[in-house]
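So the chains spell out like this:
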Amino acid sequence: MKRDFRFDCVRVCALLLVLVCHLVQVFDIAGGERIHDICAYIGNSMFFILSGLLLGRTWCAKGCPHYDIKFLMQRFLKLWLPFLSFMIPYIIWLSFSRGISVMDALMNVFMLSWFAKLPAAGHLWFVTAILMLYLVMMILSRSKKTYRVFLGSVLTA
């Protein structure tokens, strides 16, 4: 499927909203809580909608195949390697500066940050949510035809 520049524009807008969300939180701007919430909800929603749309379009373009564990592992690795480039140095820094449990470190290394939030990195819940989206996509792609038609129509609407 050919890359569509318009999706990149939406991705940049979502990224800017999330960036504003985090900057408002860091700099404690007056009225920042409201700005933070609005930017967080809209920016994150845009990312999830875009991810679902593009994943659904690709799935339909491939003829709606049954995804298996190979699909899940490919998606995991695509996210995991860049994620580790941040997470490993951060965990090392945390272990020396504040301390961190082995369980929290392992859960974050394996992108389960939603369940083990680290200081100043609570926003990493997003990566766990994306993995859940991939898992749901794999399960629904293998389900009955009516669910597959529903999945295809929702993800490409």
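Residues numbered from 1 in each chain as written. Predicted model: local features only at pLDDT ≥ 70, side-chain atom pairs only at ≥ 80, totals over all residues. Heavy atoms only, no water.

> Quick question: what am I supposed to make of helix α1 (residues 5-27) here?
Each full turn of the α-helix corresponds to 3.6 residues, which orients residues three or four apart in the same direction. Here α1 is 23 residues long and its end C-alpha atoms lie 33 Å apart, about the 33 Å a rise of 1.5 Å per residue gives. Taken as a whole, α1 has its buried residues at F7, D8, A14, V18, C21 and V24. Close packing links the buried residues of α1 with α2 (32-61). The first or second residue beyond α1 is D28, which carries a positive phi of 50°. (Helix = DSSP H or I, 4+ residues; strand = E, 2+ residues; numbered from the N terminus. Expected span 1.5 Å × (residues − 1). Buried < 20%, exposed > 50% of the residue type's maximum accessible area, 1.4 Å probe, protein only. Contact = heavy atoms within 4.5 Å.)

> Mind showing me how you'd approach the packing of aromatic side chains here?
Any two aromatic rings considered together are summarised by their centre-to-centre distance and by the angle between their planes. Considering all chains together, one arrives at 12 aromatic pairs under this definition. Between Y67 and F71, the ring centres sit 3.9 Å apart and the planes meet at 5°, which makes this aromatic pair stacked. Of the two residues examined, Y67 and F71, each falls in the buried class. Considering the side-chain rings of F71 and Y134, the 6.3 Å spacing of their centres and the 80° angle between planes classify their relative orientation as edge-to-face. With F71 in helix α3 (residues 69-97) and Y134 in helix α5 (residues 125-141), this pair connects stretches of sequence that are 63 residues apart. Residue classification places Y134 among the buried residues on the basis of a relative accessible area of 10%. Following the ring pairs from residue to residue traces out a cluster consisting of F47, F48, W114, F115, W125 and F126. (Phe/Tyr/Trp six-rings, centres within 6.5 Å; stacked < 30°, edge-to-face > 60°.)

> Can you help me understand the nonpolar core in this one?
A general feature of soluble globular proteins is that nonpolar side chains tend to end up buried together. Formed by 29 residues in total, the largest nonpolar core has its most connected members in F71, M87, M111, L118 and Y134. Listed by contribution, the elements that provide at least two residues to this core are α1, α2, α3, α4 (102-109) and α5. When residues of this core are assigned to their parent elements, the largest contribution, 10 residues, is made by α3. Apart from the residues lying within four places of it in its own chain, the contact partners of M87 are N108, V109, L118 and L124. (Core = buried A, V, L, I, M, F, W, Y, C linked by side-chain atoms within 4.5 Å.)

> I would appreciate a short explanation of the side chain of T128 in the present structure.
For T128, the location among the structural elements is in helix α5. You can call T128 buried: its relative accessible area is 2%. Within polar-contact distance, the side chain of T128 engages the backbone nitrogen of S113 at 3.0 Å. (Polar contact = N/O pair within 3.5 Å; in protein donor to acceptor, adjacent residues only side chain to side chain.)

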